[in-house]
Amino acid sequence: MRRKVQNAASRQRPVSCQFCRARKLKCNRQLPCGNCISRGIACQLYSQPSTGESVTDPHILERLRRLEDIVMRSQSQRQTSLVADVVTQTPYSDPRYHQATTEVKRLEQECMRQDLSETIHPGGVTFKICPIQPGVSATVAISNSGSCLGEAESVRRPFCLPHIDEARRLLDKYIRDITYLHHVVHIPTLRAVVDGIYEDIGSLKQPTPSHVVLLYSIVASAIYSWTEQDVDLPFCRNGEDATKMSALWVKSTLDLLDYLRRASSKSLEEIQAIIIASFVVCHLEGPSPRYRDLITSAIATARELGLHKIDLPHDPDATSKSPRDPVATEVARRVWWYLVSTDWMFSQYTGPLKGTYSISPRHMAVNKPLNIDDEDLHPSMPTTAAPLNHPTNISYNLQRIHLAEICRELTDSTPLTSGAVEYAQVLKFDRSIIGFTAQWPSFFRLDEHTLNKPAYNAPATATQRYILNSIVPSQRCRLHLPYLARAATDPTYAYSRDACLEAARHVLRTERLLAREETLPFVRMRQRHAGTLLCLCIAIIALLADNCFCRGRGTESDADRRAELADACAILDRAKKESPIAGRLLGYFMRVMREHNVRLPVRMEDELPAGRERTESVAMGSTVEEVPGAPDVSDQLAQWEEIWPWDGLDTELDWDAIISGLGPLI
């Protein structure tokens, strides 16, 4: 009978505290609960029963008030301290508690030890000097045991290394023309790593495989960026040779990365190699599944090394308690934020990753990289960042991070189930992009003052400027593209048409200005640069959609807009000789148009007009200057009329399907 009474009482007992029930708040059912803690009040399960008596003694009331203040102040301080520093705060000061906590932590780490089994270890690896340039004799092969191997003794295929002179020349090429596009290295350290590889080989020691794979990625990147001006690199005759040879070095990089993965090797150099190699893979294939797999692998390896919390004040899981090298820490920040920005930007690219990202800002504690050149970064000297209006090798990466943050915010505001964002949100993020470009430092602007100032036209700064002026407008164009066709029938979306075309024309203007920079190394390989081509592709989609849906609208004549589209496609056609991606993109455009009843010849490239070049003054909307020997605009349009019958365009084209189908490429 007593048990029944107790059970009944238990069922009648309220779950929420008195305060939460009175305020109709959700109680977390703990004592004290979160609501009471945050408000600094006493948490009571039951209301105090009325005794019919009141305490009126002023001394007793004063003592009760002081005691209550002490208790509330103690609880508030403890809660604030826990939020500010969860790691270091402990609820008890008893030394026995600290000892027990340490023991528990040690036992937990012991249970989670990551010892590798020798039975499934992939075995050793062999390196061999195999010069790139014919006629240079090879040297010995070095195994993981440090011994010399003859051909009969080397059973597994060795990994070949270029001759030391070739490696240094390719490294110089990478530092001079490429690194500022994804500056995730420290140049003095990188040179020391490459020299160390050949010093080990000279001493008959096996070089560190992670250092070798970093060298491999640099060789692949430098060869891919080869141009006719690189007379000190006589490895290639033309861009096609450079593409084929770099693909072989990418394959060797991926093979060695696969060995390191099976050996569970984790190092910062390995992540740097993945980033550099993925950059070449993206040029060769576009943002393919292989490219995405490399970025995902780099993120996982970075987490294994703890790069996502290198600025956490007190990391309980840190394997080393010694102070970090400030140079290595800064390079780690560059690496981590490059991966973060890539992850967030991909959340807005059409494809399997659209609408998602894998790195949450809540799950990282990493300061942004400093705006500092490598020569100003020393391990024994205090580091002082330059102001953002001072150009450095890291300037572009800092702006890329800002753009990635906008992409992440847009992804967070877009429901994954529908994939559609409210138009008010589109306008909000359009303002974010405009505000972002407005705060660019002056050396990133395409105005006459910048283009004529020598200090702002160093190769690294100029290349960063042109790439940034392609990527950001194309992102704005992509934002408004779904609403461009609607503007033909609904004036609500007229702003999206104007914004989309403005961004597309900015991309084309950037390409024309870049083509005039004859002394800039990037100009000679830009048609093999995947990012430039994909931005151009977005611009072509916008111009083509406008020609189909918005004829007779706006201030431009239909003839001018058709000439604009013709020029854009001609750029892509010229690029296909240098880049396999360009030909694939152009072929896709032709195929999609045929599928949507656009009458086109079988082979567009046979009928495209010769490379008519247009120059333009710095100001937007300027007139076209005639180039000597170039065909007249009317003749140009007549040639395009023959291969592109505009009156036959189907105005019911499904542009969502076109963009979706282009997803695997862009």
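A quick note: this is a predicted structure, and the numbers were derived from the prediction, not measured.

(A) Region of the structure containing a nonpolar patch on the surface. A contiguous nonpolar patch, built from Ile 60, Leu 61, Leu 64, Leu 67 and Ile 70 and spanning about 460 Å² of accessible area, is present on the exposed surface. Note on placement: Ile 70 falls in helix α4 (residues 58-84).

(B) Quick look at helix α16 (residues 459-484). In this model, α16 (26 residues) spans 36 Å end to end at C-alpha, consistent with the 38 Å of a helix rising 1.5 Å per residue. Remark: the principal bend of α16, roughly 30°, maps to Arg 478, with a proline, Pro 482, within the next four residues. Counted residue by residue, α16 has 24 buried out of 26 residues, so it is predominantly covered.

(C) Representation of helix α8 (residues 209-224). Between its terminal C-alpha atoms α8 stretches 23 Å, which fits the 22 Å expected from 16 residues at 1.5 Å a residue. Within α8, 15 of the 16 residues are buried, which leaves the element mostly enclosed by the surrounding structure.

(D) Representation of the state of the cysteines in the model. As enumerated under the stated definition, the model contains 1 disulfide in all. Across the disulfide from Cys 130 sits Cys 160; the S-S distance is 2.5 Å. In this structure the cystine formed by Cys 130 and Cys 160 twists about its S-S bond by roughly -45°; its chirality is therefore left-handed. In this pair, Cys 130 is assigned in the loop between β1 (127-129) and β2 (141-142) and Cys 160 in strand β4 (residues 159-161), connecting sequence segments 30 residues apart. On the basis of relative accessible area, Cys 160 is assigned to the partly exposed category, the value being 27%. Left unpaired, Cys 33 is separated from the closest cysteine sulfur, that of Cys 36, by 3.5 Å. Of all cysteine sulfurs, the one in Cys 569 lies closest to Cys 537, which takes part in no disulfide; the gap is 9.3 Å.

(E) Main features of the packing of helix α10 (residues 268-285) against helix α12 (residues 326-346). Relative to each other, α10 and α12 sit at 40°, their axes nearing to 11 Å. The pairing of α10 with α12 is recorded here as oblique in orientation. At the point where α10 passes α12, the crossing takes the left-handed sense. Between α10 and α12, the contacting residues are Leu 268, Ile 271, Gln 272, Ile 275 and Phe 279 on the first element and Ala 328, Val 331, Ala 332, Val 335, Tyr 338 and Leu 339 on the second.

(F) Region of the structure containing the packing of aromatic side chains. Summed over all chains, the structure comprises 13 aromatic pairs. Ring geometry for Trp 344 versus Tyr 357: centroids 6.3 Å apart, planes at 70°, classification edge-to-face. Taken as a pair, Trp 344 in helix α12 and Tyr 357 in the loop between α12 and α13 (395-412) lie far apart in primary sequence, 13 residues in all. Owing to a relative accessible area of 2%, Trp 344 belongs among the buried residues under this scheme. On the basis of an interplanar angle of 90° and a centroid distance of 5.8 Å, the ring pair of Phe 436 and Trp 440 is categorised as edge-to-face. Both residues of the pair, Phe 436 and Trp 440, count as buried. Chaining the aromatic ring pairs together yields one cluster made of Phe 127, Phe 159, Tyr 216 and Trp 249. Directly above the aromatic system of Tyr 338 lies the positively charged group of Arg 400, at a separation of 4.4 Å from the ring centroid.

Reading the values: the criteria
Residues numbered from 1 in each chain as written. Predicted model: local features only at pLDDT ≥ 70, side-chain atom pairs only at ≥ 80, totals over all residues. Heavy atoms only, no water. Patch = residues over 30% accessible without salt bridge, like charges linked within 9 Å, V, L, I, M, F, W, Y side chains within 5 Å. Areas by Shrake-Rupley, 256 points an atom, 1.4 Å probe, with all protein chains shown as cover. Salt bridge = Lys/Arg side-chain N within 4 Å of Asp/Glu carboxyl O. Helix = DSSP H or I, 4+ residues; strand = E, 2+ residues; numbered from the N terminus. Expected span 1.5 Å × (residues − 1). Bend = angle between axes of the 7 residues up to and from the residue. Buried < 20%, exposed > 50% of the residue type's maximum accessible area, 1.4 Å probe, protein only. Disulfide = S-S within 2.5 Å. Axes fitted to C-alpha atoms, helices over the stretch in contact; angles between N-to-C directions. Parallel < 35°, antiparallel > 145°, perpendicular 65-115°, else oblique. Left-handed = near helix turned anticlockwise from the far one by under 90°. Contact = heavy atoms within 4.5 Å. Phe/Tyr/Trp six-rings, centres within 6.5 Å; stacked < 30°, edge-to-face > 60°. Lys NZ or Arg CZ within 6 Å of the ring centre and 35° of its normal.

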